[in-house]
Every structure is written in C-alpha cells, then in structure tokens.
Amino acid sequence: MNKTMSKPIIVAIDGPAGAGKSTTARRVAERLGYVYIDTGAMYRAVAHAALQRHIPLEEGAMKGLVDTISIDMRNTPSGPRTYLDGVDVTDEIRSAAVTNIVSTVAAMSGVRRSLVALQRHIGHAGGVVMDGRDIGSVVFPHAEVKVFLIADLDERIRRRTTEQRERGLALSEDDIRSQIVDRDRLDSQRADSPLTKPDDATVIDTTRLTIDEQVEKILDLVTTYRKTYDLISNFGGL
Ligand code: DC
C-alpha cells in the first residue's frame, strides 16, 4: 500500500491578522478533504461568553469560565461554524465588542491552556488544517507542514475593510488600522505563546498573491512533504 495516500497530516497556518489565513486554510482543507479549524474563532467564542455573562477580564474568572463552557467547531456545507454550549455563535463572535477584547482574552494563560488542549484533541489524528498564531510553535510543533503567512500592513487593512463592509459593518479604515496595529502588538508581545514564526515554517508573503495562488503554494508544500515521506518510507526509514 502507498503509505502517503493514507497518512493524514497536520497543516499548521500561522500569521498576523489579515494575512489571509482563514480563507486560505479553509480552501486548503477542502482540497485535501481535511477538517478546517479556525482557532481564532475559539478565542472569540470565549470572549463572547465573557461578554454575555459579564465575566471580569481577569485570569481567575476567565479560567473558571473557560472550564465550564463547551466550544464545538463544525465544518458544514455552508462553511465552518462555531458553537458555544450548543448555540451557533458564528456571526456573534465577529462583532466589534468581541474583536475589542479578544486579544486580552487570548493573552491569558489559563484560557490558552484549555483551548490548546482542545485543539490538540481535535487535531491529534491528523487530517486537519488549523490556523492561528501558535499552531506550528506550540499546539503542534511536530506538524508535518508549517506555513507562516504575512502581508504588508496596508494590504491587510484593505482586506479587513472589504471584509467588514461585506458584513455590513461601517468601521473606517483608520479604525481598522488601529485595531490591526493594536492586535498585532498584543499578539506578538504577550508572555504566553506570542505570535512568532517557527524556524521550520515556510513564509509566504500574500501581499501580491491571489487566494488561489496562496492555496496552490500550500498544496505544493503538502505534495513535497508527501514525496519526501514516501522516499523515506521506501527506504524503510519510517
Ligand atoms: O484570527 P482572529 O482574529 O480570529 O484571532 C482572534 C484573537 O485570538 C487574536 O487576538 C489572536 C488570538 N489567537 C491566538 O492567540 N492564538 C491562536 N491560535 C488563534 C488566535
């Protein structure tokens, strides 16, 4: 049997806000027949729960919260959906209120510990494309394919502005710029699992790439991995 056909792998996609992670990761998952997991949506679900239940944004209270809620990520024909205690919160977690506090929530070690455990549980058997900030560095340091997506700040702002307008939200470009700059700073400077490029990740600058081009580049990395794995397997190395 050709082992490469059957070995489901983990594709880890990290990078800053607006670098094109979710759309690209979702399409890569579709092409591979894999599950797509947007880990940012998990942090957003916790932030949403905190707002709903008026939980103070401090470690102890937030750790208590995260241990009592259930977060469920489902891939449906209409796209990935996020459930909080069985309720679909896919749209709610994109609100400005959630976006404003999510980086603070994601900086809390107690919250991260629980969500990382859940992410490992979901992805441990492979067959998953997971995007976030620490997937290749912390969640799955042994992921077979690691990608770090980057893009110029102006391009990231342009993409987020278009995305927000499509959702009917009326934030100005200046608001979006300061949101992205603030979140980049918080995500990169936090003590626990900051956004960093793992040494063994492939950097893809998406500033001038179409989504299709980004997807193809990542699928090429998967093919290269499989060929290498196949070669090693054929030599009896694995
Ligand atoms: O990708 P996003 O904008 O939906 O992410 C929401 C927040 O969660 C953002 O502040 C980064 C943080 N995050 C994280 O710390 N670790 C992850 N694996 C995914 C997201």
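My aim in this report is to walk through the structure given alongside it, one point at a time.

What counts, and where the lines are drawn
- Residues numbered from 1 in each chain as written.
- Predicted model: local features only at pLDDT ≥ 70, side-chain atom pairs only at ≥ 80, totals over all residues.
- Heavy atoms only, no water.
- Helix = DSSP H or I, 4+ residues; strand = E, 2+ residues; numbered from the N terminus.
- Rg over C-alpha atoms; globule rule 2.2 N^0.38 Å.
- Buried < 20%, exposed > 50% of the residue type's maximum accessible area, 1.4 Å probe, protein only.
- Areas by Shrake-Rupley, 256 points an atom, 1.4 Å probe, with all protein chains shown as cover.
- Axes fitted to C-alpha atoms, helices over the stretch in contact; angles between N-to-C directions.
- Parallel < 35°, antiparallel > 145°, perpendicular 65-115°, else oblique.
- Left-handed = near helix turned anticlockwise from the far one by under 90°.
- Contact = heavy atoms within 4.5 Å.
- Nonpolar A, V, L, I, M, F, W, Y, C, P; charged D, E, K, R; others polar.
- Near = heavy atom within 4 Å.
- Polar contact = N/O pair within 3.5 Å; in protein donor to acceptor, adjacent residues only side chain to side chain.
- Salt bridge = Lys/Arg side-chain N within 4 Å of Asp/Glu carboxyl O.
- Phe/Tyr/Trp six-rings, centres within 6.5 Å; stacked < 30°, edge-to-face > 60°.
- Lys NZ or Arg CZ within 6 Å of the ring centre and 35° of its normal.

### Description of the overall build of the protein
Thought 1: What the protein contains, in helices and strands, is 10 helices and eight strands.
Thought 2: Expected size for 238 residues packed as a compact globule is a radius of gyration near 18 Å; at 18 Å, the protein falls within 12% of this value.
Thought 3: If you line up the protein on its principal axes, its C-alpha atoms span 60 × 40 × 35 Å.
Thought 4: The 238 residues of the protein split such that 47% are buried.
Thought 5: Of the roughly 11700 Å² of accessible surface on the protein, a fraction of 53% belongs to carbon and sulfur atoms.

### Points about the packing of helix H8 (residues 153-166) against helix H9 (residues 173-189)
Thought 1: Between H8 and H9, the shortest axis-to-axis distance is 9 Å and the interhelical angle comes to 120°. In terms of orientation, H8 and H9 fall into the oblique class. Remark: the crossing between H8 and H9 carries right-handed chirality. In this structure, H8 uses Leu153, Asp154, Arg156, Ile157, Arg160, Thr161 and Gln164 to contact H9, whose residues at the interface are Glu173, Ile176, Arg177, Ile180, Val181, Arg183 and Asp184.
Thought 2: Partitioned by chemical class, the residues of the contact of H8 with H9 number five nonpolar, two polar and seven charged.

### A closer look at the packing of helix H2 (residues 21-32) against helix H10 (residues 211-234)
Thought 1: Where H2 meets H10, the axes come as close as 9 Å, and the angle between the chain directions of the two elements is 50°. In this view, H2 runs oblique relative to H10, as classed from their interaxial angle. For the pair H2 and H10, the crossing hand works out as right-handed. Residues Thr23, Thr24, Arg27, Val28, Arg31 and Leu32 of H2 touch H10, and the partners they reach there are Ile211, Asp212, Gln214, Val215, Glu216, Ile218, Leu219, Val222 and Arg226.
Thought 2: Within the contact of H2 with H10, the residues separate by chemical class into seven nonpolar, three polar and five charged.

### Concerning the site of the ligand
Thought 1: Taken together, the neighbourhood of the ligand is formed by 16 residues, with Arg44, Ser103, Asp134, Arg183 and Arg190 sitting nearest.
Thought 2: One of the side-chain N or O atoms of Ser103 is found 2.8 Å from an oxygen atom in the ligand.
Thought 3: Within the side chain of Arg133, an N or O atom sits 3.0 Å from an oxygen atom of the ligand.
Thought 4: Relative to its unbound accessible surface of 450 Å², the ligand loses 97% to contact with the protein.
Thought 5: Breaking the shell around the ligand down by element, the ones donating at least two residues are helix H3 (39-52), helix H5 (96-106) and H9.

### Here's the deal with the pattern of salt bridges
Thought 1: Applying the stated criterion across every chain yields a total of 19 salt bridges.
Thought 2: Between Asp67 and Lys63 there is a salt bridge; the shortest N-O distance is 3.1 Å.
Thought 3: Accessibility expressed as a relative area gives 48% for Asp67, which makes it partly exposed.
Thought 4: A salt bridge links Arg160 to Glu163; its shortest N-O distance comes to 3.2 Å. Placement of the pair is Arg160 and Glu163 together in helix H8, with a separation of three residues, close to one helical turn.
Thought 5: Accessibility expressed as a relative area gives 29% for Glu163, which makes it partly exposed.
Thought 6: Each of Arg133, Asp187 and Arg190 takes part in one network of salt bridges that share partners.

### Here we look at the packing of aromatic side chains
Thought 1: Going through the model one piece at a time under the given rule, you end up with one aromatic pair.
Thought 2: We note Lys7 situated over the ring of Tyr229; from NZ or CZ to the ring centre the distance is 4.7 Å.
Thought 3: Over the ring of Tyr83 we find Arg74; its NZ or CZ atom is 3.7 Å from the centre of that ring.

### As for the side chain of Gln179
Thought 1: For Gln179, the position within the fold is in helix H9.
Thought 2: When sequence neighbours within four positions are dropped, the list of residues in contact with Gln179 reads Thr99, Asn100 and Leu171.

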